[in-house]
Structures are given as C-alpha cells and as structure tokens.
Amino acid sequence: MRKLTFILLLMLSCISQAQHSHHMIATLESESDVLHIKDSMIVKNDSDVSWDKIVMLDWAHAFSSKDTPLANRFAEDFKNKFQFAPEDDRGKTVFKSSTANLDFTIKRLPHQVDIIELILNEPLLPGASKTIVWQYDIVIPEDDFTGYGKSSTGNYALRYWYITPAVFDQGEWQYFSHKGINDYYPALANYSISLHLPTSHQVVTNAPIITSGLTDYKNSYLLKGNHLAHVELYLEQNLQRYKNFGVPDLNVTTDIEDGDVPPELKALFIDRISGFLNEKLGSYAYPNMLITDRYYREDPVYGLSSLPSFINPFPAGFTYEIKVIKAMTRKWLESGARLHPRDENWLQDGMMVYLLQQYNQTYYPNLKIAGKLSNIWGIRGFNITQLDFNDQYNFLYLNTARLNLDQSITTRSDSLVKYNQQLGIINKAAIGLKYLQDYSGNNSVDQTIKEFYQKNKLKLSHVSDFKTILESKNTKDIDWFFKDYITKYTRMDWKIKRVKNIGDSVKVFLKNKSDRDLPIALYSLDKDSIVEKIWIDHVVEDTVITLSRKRANRISLNYEKLIPEFTMHDNYKTLKGFAQNRPIEFRLFKDIEDPERAQVFLMPDLGFNVYDGVTVGARFSNGTLLPKPFRYTIKPIYGLNSNKVIGSVGLSYTHNLEKHDESIYFVRYGVSANRFSYADDLLYRRASAWLNLGFRPKDLRSNKRSFLTFRNVLVDRDRDPANPVNEPDYNVFSINYNNQDRNFKRYFSYNAGVEVSSRFSKATFRTQWRKLFKDNRQLNIRFFSGAFLHNETQNDGNFFSFALDRPTDYLFDYNYYGRSDESGFFSQQLIIAEGGFKSQLETPYANQFISTVNTSYSIWKYVFAYADVGVVKNRNTPLAGVYDSGLRLNLLQDYFEVYLPIYSSNGWEVGQGDYDQRVRFILTLDLNTLTGLFTRRWY
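Quantities reported herein were computed from a predicted structural model and do not represent experimental measurements. (Residues numbered from 1 in each chain as written. Predicted model: local features only at pLDDT ≥ 70, side-chain atom pairs only at ≥ 80, totals over all residues. Heavy atoms only, no water.)

S.K.: So what exactly am I meant to see when it comes to the overall build of the protein here?
M.R.: Within the protein, the secondary structure is distributed over 13 helices and 47 strands. Relative to its length of 939 residues, the protein is compact, with a C-alpha radius of gyration of 33 Å against a globular reference of 30 Å. The dimensions of the protein, computed from C-alpha atoms along their principal axes, are 100 × 85 × 55 Å. Looking at the protein as a whole, 54% of its 939 residues are labelled buried. A separation of at least 24 residues holds for 62% of the contacts in the protein among residues at least 6 apart in sequence. Accessible surface, the protein: about 41,000 Å² in total, of which carbon and sulfur atoms supply 54%. Positive and negative charge centroids in the protein, built from 112 and 107 side chains respectively, lie 2 Å apart. (Helix = DSSP H or I, 4+ residues; strand = E, 2+ residues; numbered from the N terminus. Rg over C-alpha atoms; globule rule 2.2 N^0.38 Å. Buried < 20%, exposed > 50% of the residue type's maximum accessible area, 1.4 Å probe, protein only. Contact = heavy atoms within 4.5 Å. Areas by Shrake-Rupley, 256 points an atom, 1.4 Å probe, with all protein chains shown as cover. Lys, Arg positive; Asp, Glu negative; His and termini not counted. Charge placed at Lys NZ, Arg CZ, Asp CG, Glu CD.)

S.K.: Please clarify how the packing of aromatic side chains should be interpreted in this entry.
M.R.: For any two aromatic rings, the description comes down to two numbers: the centre-to-centre distance and the angle of the planes. Inspection of every chain in the model, using the stated rule, returns 66 aromatic pairs. On the basis of an interplanar angle of 80 degrees and a centroid distance of 4.9 Å, the ring pair of F318 and Y364 is categorised as edge-to-face. Here F318 is found in helix 6 (residues 318-334), whereas its partner Y364 is found in the loop between helix 7 (345-363) and helix 8 (392-402), with 46 residues between them in sequence. Judged by centre distance (5.3 Å) and plane angle (90 degrees), the rings of F318 and F389 are edge-to-face. Of the two residues, F318 sits in helix 6 while F389 sits in the loop between helix 7 and helix 8, which places them 71 residues apart along the sequence. With respect to class, F318 is no different from F389; both count as buried. Of the aromatic side chains, those joined through ring pairs into one cluster are Y730, F760, F784, F788, F799, F800, F802 and Y810. Lying over the aromatic face of F666, R668 brings its terminal NZ or CZ to 4.2 Å of the ring centre. Its guanidinium or amino end placed over the ring of F799, R717 lies 4.1 Å from that ring's centre, counting from NZ or CZ. (Phe/Tyr/Trp six-rings, centres within 6.5 Å; stacked < 30°, edge-to-face > 60°. Lys NZ or Arg CZ within 6 Å of the ring centre and 35° of its normal.)

S.K.: Please clarify how the nonpolar core should be interpreted in this entry.
M.R.: One recurring pattern in soluble globular proteins is that nonpolar side chains are buried together. Formed by 159 residues in total, the largest nonpolar core has its most connected members in I54, M56, W161, L195, M328 and Y485. Formed by 27 residues, the second largest nonpolar core is a distinct cluster that contains Y810, L841, V872 and V882. (Core = buried A, V, L, I, M, F, W, Y, C linked by side-chain atoms within 4.5 Å.)

S.K.: Can you walk me through helix 6 in this structure?
M.R.: Because an α-helix completes one turn every 3.6 residues, residues spaced three or four positions apart along the sequence face the same direction. Between the first and last C-alpha of helix 6 there are 24 Å, a value that for 17 residues agrees with the 24 Å anticipated at 1.5 Å per step. When you tally the buried positions in helix 6, you get 15 out of 17 residues, the bulk of the element. (Expected span 1.5 Å × (residues − 1).)

S.K.: Would you take a moment to explain a nonpolar patch on the surface for this structure?
M.R.: A cluster of nonpolar side chains, namely F630, I634, V649, L651, Y653, Y669, V671 and L691, defines an oily patch on the protein surface of about 610 Å² accessible area. Ranked by the residues each element gives to the nonpolar patch, the list is headed by strand 32 (residues 644-656), at 3 residues. By the element assignment, L651 lies in strand 32. (Patch = residues over 30% accessible without salt bridge, like charges linked within 9 Å, V, L, I, M, F, W, Y side chains within 5 Å. Salt bridge = Lys/Arg side-chain N within 4 Å of Asp/Glu carboxyl O.)

S.K.: Could you clarify how one ought to interpret the side chain of E897 in this entry?
M.R.: Within the element layout of this structure, E897 appears in strand 45 (residues 896-904). Since its relative accessible area comes to 1%, E897 is described here as buried. A distance of 2.9 Å separates the side chain of E897 from the side chain of R888, its partner in a polar contact. (Polar contact = N/O pair within 3.5 Å; in protein donor to acceptor, adjacent residues only side chain to side chain.)

S.K.: Which parts of the structure should I look at to understand the sheet that holds strand 20 (residues 288-291)?
M.R.: Strand pairing in a sheet relies on backbone hydrogen bonds. The paired strands run either parallel or antiparallel. Here 3 strands make up an open sheet; going across it, the order is 18-19-20 and the pairing mixed. Each edge of the open sheet carries a strand with a single partner, namely strand 18 (243-247) and strand 20. Taking each pair of neighbouring strands and ignoring which way they run, the sheet shows an average axis angle of 20 degrees. Pairing geometry for strand 18 and strand 19 (residues 250-254), over 5 bridges, is antiparallel. Residue pairing for strand 19: V247 is matched across the bridge by L250. Along the sheet, helix 4 (residues 263-280) makes contact with strand 18 and strand 19, crossing strand 18 at roughly 50 degrees. Relative to strand 20, helix 6 is tilted by about 125 degrees, and along the sheet it contacts strand 18, strand 19 and strand 20. (Pairing = 2+ DSSP bridges. Axes fitted to C-alpha atoms, helices over the stretch in contact; angles between N-to-C directions.)

S.K.: I'm lost on the pattern of salt bridges in this one. Help?
M.R.: Side-chain pairs of opposite charge can arise whenever the charged atoms involved come near each other. If you walk through the whole model with that rule in mind, you get 62 salt bridges. Across the pair D255 and R241 runs a salt bridge, and its minimum N-O distance is 3.0 Å. One end of the pair, D255, is in the loop between strand 19 and helix 4; the other, R241, is in the loop between strand 17 (233-236) and strand 18, and 14 residues separate them in sequence. Residue classification places R241 among the partly exposed positions, given a relative accessible area of 34%. Here D542 and K497 are joined by a salt bridge, their closest N and O atoms 3.0 Å apart. Here D542, found in the loop between strand 24 (529-536) and strand 25 (543-548), pairs with K497, found in strand 21 (residues 494-502); they are 45 residues apart in sequence, far enough to count as distant. In the salt-bridge network here, residues are joined through shared partners; they are K179, D183, R342, D343, R412 and D414.

S.K.: Would you mind showing me how to read the confidence of the model for the protein here?
M.R.: Should pLDDT be low for a region, the predicted coordinates there are not to be read in detail. Mean pLDDT for the protein: 91, with 95% of residues reaching 70 or above. Contacts of residues 1-18 to residues separated by more than four positions or lying in other chains number 25 contacts, the stretch itself having pLDDT below 50. (pLDDT = per-residue confidence, 0-100.)

S.K.: Any chance you could explain the environment of N795 here in plain terms?
M.R.: Within the secondary structure, N795 is located in the loop between strand 39 (778-791) and strand 40 (802-803). Owing to a relative accessible area of 78%, N795 belongs among the exposed residues under this scheme.

S.K.: Would you mind showing me how to read the packing of helix 6 against helix 7 here?
M.R.: Direction vectors running N to C along helix 6 and helix 7 enclose 145 degrees, while the axes themselves pass 10 Å from each other. Helix-helix and strand crossings are classified by hand; for helix 6 and helix 7 the assignment is right-handed. Residues F318, E321, I322, I325, K326, T329, R330, L333 and E334 of helix 6 touch helix 7, and the partners they reach there are Q348, M351, M352, L355, L356, Y359 and N360. Class assignment of the residues belonging to the contact of helix 6 with helix 7 gives a composition of 9 nonpolar, 3 polar and 4 charged. (Left-handed = near helix turned anticlockwise from the far one by under 90°. Nonpolar A, V, L, I, M, F, W, Y, C, P; charged D, E, K, R; others polar.)

Below, the structure is given as structure tokens:
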C-alpha cells in the first residue's frame, strides 16, 4: 500500500512545475522519536544562470553535535541544557544507504553541518528541473532547546523537520545555519505529504488537510499546499486545546489560551485583529492561519502585559488580545514580502511593532503601561506608571543606548546581542517608522507598508523595494532615514543651549551633541500645550532658529519624544525670566527619568555584616531605571549591632565611546568614601579615587573585555588595643590590567597589577582557565603569583602579606561578612583570591613571594575534586611547599559553592576533631552580583 501511495505521488510530480515541489511520505515512529521520510523532490532552476550545485537546508541536523552553530549559540547565551543533554535527547538527520548511488554527491559544509550541498554531475540549466528521490530519518530532539521537538508529555512540535532547497537570489544561494533566532529562509515550494502517525497522535498543521483516515492501526493524512515556505506539524495526543475561529476570508487555528476570556470574546478579538490587518496590509496570503503558543513565545510581548491573570492590571481580555495581535501580525507579514531574514529582517520586525502601536492607539488610546495600577495611590506617583502603553518601546530601546550596546538597525540578526535581537533593534526600527511618518506630514509610511506588502506577496523582496515606494509618496527628502537612522548606532542627542527674547520673537540656539544628520522637531509650548511645532533639517552644527513668541512660555526639542534621544534633560528652556528650567524633585524609590526635573531618589537600604549587624538606612541617588553618565549615591545607614552611623558616598562619570572596533569603549572615573566596622567596636574609613578604561572587540556578542584601572586608596582605621598596629593608616596606589573572555564552554582571564605604598610595593599576576569538555566534565586551572618589590612591614604582622587561603583585604575590596573573625561560621567564608587555597595551613602568609596553582575537575554533575599546590617564601625562612585537596560542591559556580577538605599539608583532615570548622564556602548575597546570572544572557 505504501509503494502504491508513493507511485501516485510520483505521478503528481508533473503538476505545478512553476517552482520546487515535495512529494513526501512521512511516518512517525513514536517509540524511538524518529520520523521516517521518503521524498520525491522536484527542484526547478528559475534563475537565468546554470547551477552546478543545489544548496539544501537541513536544520534538523543542527542538533547533531555540541559543535554546530546552534550549539555554539546556546553556549554564547549561557543556555546549558543542550550541552548537558544526553545524545538521545538531541536530534539529527540520518540518510539511508539507498541514497549513495544518486547522480549527485551529498556534501555537508564543514562548519555548517545543517547545510547540504548537492554537487551535480551535470549542471542544471535555467528553466530546467531535476527530480531528487531520497530517504532519510529525522531523529527528533527534546523541545527544551528551542521549543520545538518532543515534549515531556509525548507530543511533537515540528518546524524544521525535512530537507528543502534554500533560496537562490541575486545570482547566489542564500543560506545560513540554524541559530535559534527564528530566521528560517527556505525557497517556496508546493507540497503533497502522506503523513502516517500512531493511533495515539493526530495532526494540526498550517498545510491544508485534504483527506484523513483514522483506523485502529494508524492515523493517516494527505496534506497538500502550494507556495508554502514551510510545513509545520503539531502531532498531539489531544487536540482539544486547539480552537478554530472563522473570520471573513480566513480561518484561524490557535492554542493561545486565556481561561478568563470566553470563546465569544476571543472570536471578537480575532475578527477585530483580522479586520485591522486587512485594512493596514491587505488580505492574508493563505486561506488558513495557524498561530500556536510556541510560535508566540518565540517573539513574545515583554513586560507587564505578560503578568499572570491574578495580578493582571489590564482590561478584560487585553493580555490574550495583545498576544494574538503580536502573533497574527508577525505571521501576516511573514506571508507577504519575503525579506532576507538575517540581513533585512529589521524592516519586517519594525513594521510588526509599528502596527502593534497603531492597534493599541486605535483600540486602547488611554491605556497606561501599568494598566489599572496607574490609578492606585502609592503607585500612580511613579512616572513609569503614567507612561502610555506605547511609550514602552522607546524605553526598551533606550536601555541599550545608555548601556553603550546600541547596534545599527542593519546589523545582521545573528550579530546582535540578545537584547537587541529580541527588543532593542525591533523597537528602534518601529520608532524610526513612526518618526518618519510624523516628519513626512502625510500617511506615506502607512501607504508604503500596505503597497509593499501587496506588491510583493509571496515574492522575494528587499529594503530597496520599500525605499522606492516610500520615495514615490514623499515630497520631502527622506534619505536621512536610510543613510543615517538605520545604518548608524551612535547616540541621537540635541540640546537647547540658550534662548533669547527679541520683542515678540525668540531666538533658539541649538546644538547637535552627536554626529547624526537627522531632522529634529522644535516646539513652543504654553505649559504643556503645543503652540507651534516645526521640523528642522540638518542640525549638524550649532544652529539658530527664530520662532514667534505668541503665547509660548517654554521652548522644547523633541517634546513628543518621537526620536529615541539619548538624554532629554537639556531639551527645555523657559521664557519666564529667572524661573528654573529643571526644578529639583525628591522622589521615593527609583523611577524613570523626568527630563523636565532634576530628580533625587530615596531608596531604603538593608545590609549585613557581623560587626554592624543588620544595617538599615537610606540611599540618596540620581540613578534612574535607565543608566546615565553621571551618578552619585549618598548612603547613610545605621548598624543595629554596633549602634553606629556608617555608610558610603560615591560619585562617578562615564564617557561612553561608541566606536565598535578594537578600542576603548568607556572611560569612567570617580571618587568614593565609606565607613564601616571591621571588627567589634572598630571602624575603618576608606577614601578612593579611580580611573577605569574599558576595551572590547568589534563583535558585541563576544564576551571578551579588558580593563585598565588606576586607583588610589586611603585607609584610616581605629586601633585595636588587643592587636596594636604601628601604622593603622595607609595609602596605596595601584595599577591593574584585567583581560577576560567569559564563556560557558571556555573561560579564560588574566590579571596583572602593581601596588605601591610608602612601606611596601608588590607585583601580582594571575590567570584562570576553565574548559567544559564534550563529556560534560569541567576542568578548572588557576595560577597566582605575587612578589614584594620591597617590604618594610614584616615586623607589623601579616596584614599586608600575601595570603594563602584568606586574604586580609587591606584595601577593603571584598564582601566579607566577618572579615576579622578567626573562628566561627563566617571565618569559613572563602573568597578565591591571592593563593586560593581552601585549607588553613601552618604557613598561611608570605611576606616575600608566593606562587600557587588551584585545580578542580568534575566527578559527577556538581561534584568536583579539587587540589591546590604552591610555594610560599617568608623572610629569614626557607621556601615552603604546600598543598591541599578535597571535594568541591559547585552548586552555583562563583556564587554558591562548598569546599570539603580531605588531605593537605596538615595531614588527613577528615579524621581531625574540628572538621566542621575546616569546611569552607563561597556565598554571594549581593543583589547586583546575582542579577548578573540573568543579564549575561541578554547583554
């Protein structure tokens, strides 16, 4: 019967020769998670050049090893599930032996194993077709990696599950590997698929189901569809969660769910969304649309709109509606003009968010970003809660600009840092379209988007096609959008230098603080009402503009925030004599920046150390939710145990240098001072001035960074009567260079530094290397060496000496909770610095020279064996060799670890009576440090 079915499919191969076609038999073997495929593929050369090869996309094979581009992308994003998964959970493509004697050679690209080149024995001439008949198996991966594959409940979501030709455009094959960023780019094809499933599974698909046969032995389907980019299969044991909604000229199938929204309201939303997209774009390219929850989660709506229902502050059904409009708009655009998804996808993404903004403005014009929360006392006072829902897009983009991680809109999508790929660039593109629309003064952008979609539906297209249509609808010069806005990544920033009243007119002196040649809107205001608005072109240098005074009492640049400007605090000038341009405002808790006011934020502060106990107080700062160049923090706090007023103060300024090459990317300098207890009833006071230079490579996705730091630290300590110190006060100048490449699979760093003080000087060098092997075992090697260049402190104890296991931290850099404790729980806190030993040995310090090697190797999961060896040299004593070893429980690397010593220079440590006091631990409670675990995936 199967042979007969395949013969019938071959007979159909003469039909629809206008493009590629697949005639396929696919059979699921659920016991082994394998899809058996036999495909009679017809490839048509629709170009004007001969092909000596055909490039195929085999993205199912991207899961085949830990060295594929997809696996490397996972590692770059610190996603460890794939690395640690057993081989059976990863997928691959396996060809059958019957493909060996074909009239072409199958060649996988060496560093792109999910790309296949079919090297033809005879060239395929323009207009000619070639039939390829082959068999292969797809081993289905777990869905933990990308959201597609086999689920823990035994269902299958298959998206890139078969081999298909790549796009041939502009004289060459357009192909790239799977990197988990949703940019699949196959050629359109006609499909006829005979699908056979176990009786336990049924199918939901984007391809029309022509016939189905459900028997006691198997479930069979015939799927046929023309001009499809790909065929999605959802093989489910229960189809009840999928709902169909019929709207004019379209049937929508979805499993996006919200239990609080009744079916009739969902139907109303989908009908409204479909009508909106029909008006803005034109009809959908196919009669059926499948939007799954998995598809939505590939590109979700971030923020408050994703909150669970029990704290959802938005109108009834809004969360469901915003999910569906996002998914439907994306799917609608994907079916239209087929832009290169890795080089030009910014335009499709920008149009998607642009349309979302228009939808929200149409149906929810007064909705705030915090929904109903914006009306609650205690919450409504925050500026962020009063933002309109559409204001979030500017805010989310500006985050990357303030972090100096902005990239040009035209950057290839696989070269974007994750935050930019998911949020920054998408929003920046949409903001640009809105900016362009307002500048044009007509509906040219709306008209262009619709015409671009309709002219290029199911056709290959390019940004240049969009530009041609847009230019035909504009009388103004819009080259700035394509030559500057989308191609540059440097900040956009203007200021009003001063204003001068002249009779019933006012002269406005403008300054462009960047190199951007973009138009800027200038406003005259009566309080918060716009009196006049003009667009000014080419504000490249200082510019003077004369406005009619009319009834205006203020002048503003970019008042409507149409441009994602780096900072707006210098965009306002008052015309009221000596009135303040930015009055001071005190606010409780951190908030977004109000460009019309100088804000001081008051934050409660809670901390802990053994001697001060729990510390409570307040932190006064100008820091907003977005980073800013100048920062100050004043933190007066009270120690409940020491009964003393302690705290800190700090000021810093950061110059972000926006060159994306091998150069300095920031210069930061500042001063700080703090006062805390370092022992019972003993305070230290530290003052520091510093200069820090940061370096990074051109590739912002790279984790390579290096820093050069100059610092001077002045310390004043209370004398300890029980342990007199000749010089409790000291001053240390240091120069430190740190180079690091922090990656999930391979970590490498080195550091070299010099410290100079009146009574000692020392040089240090350390390096650390960490490697995760294919068998998931990890090797860590750390080397440290330090030498005194001169030392006059030997008679004062070991306070300035190198430490083998627990540095004295005379610069007060480390977050010790009980820095002076010599016994008890907090004396066992470990900070891997200097010697890096874990055992407390008889020679714990070195006042001349130290050199150590620290190693660890994984035994099983988070259990490691560790070993340290080294030498220490003290004046008037011989060189001493030291060692220790034991078990390391790596519960959360660098943040929470436990060390259990076994054998060392002290002997067999396990058998000694005070073993519980020999256990050491690494513990990080600092919130800012812990957040780095999550932000490293995004930046």
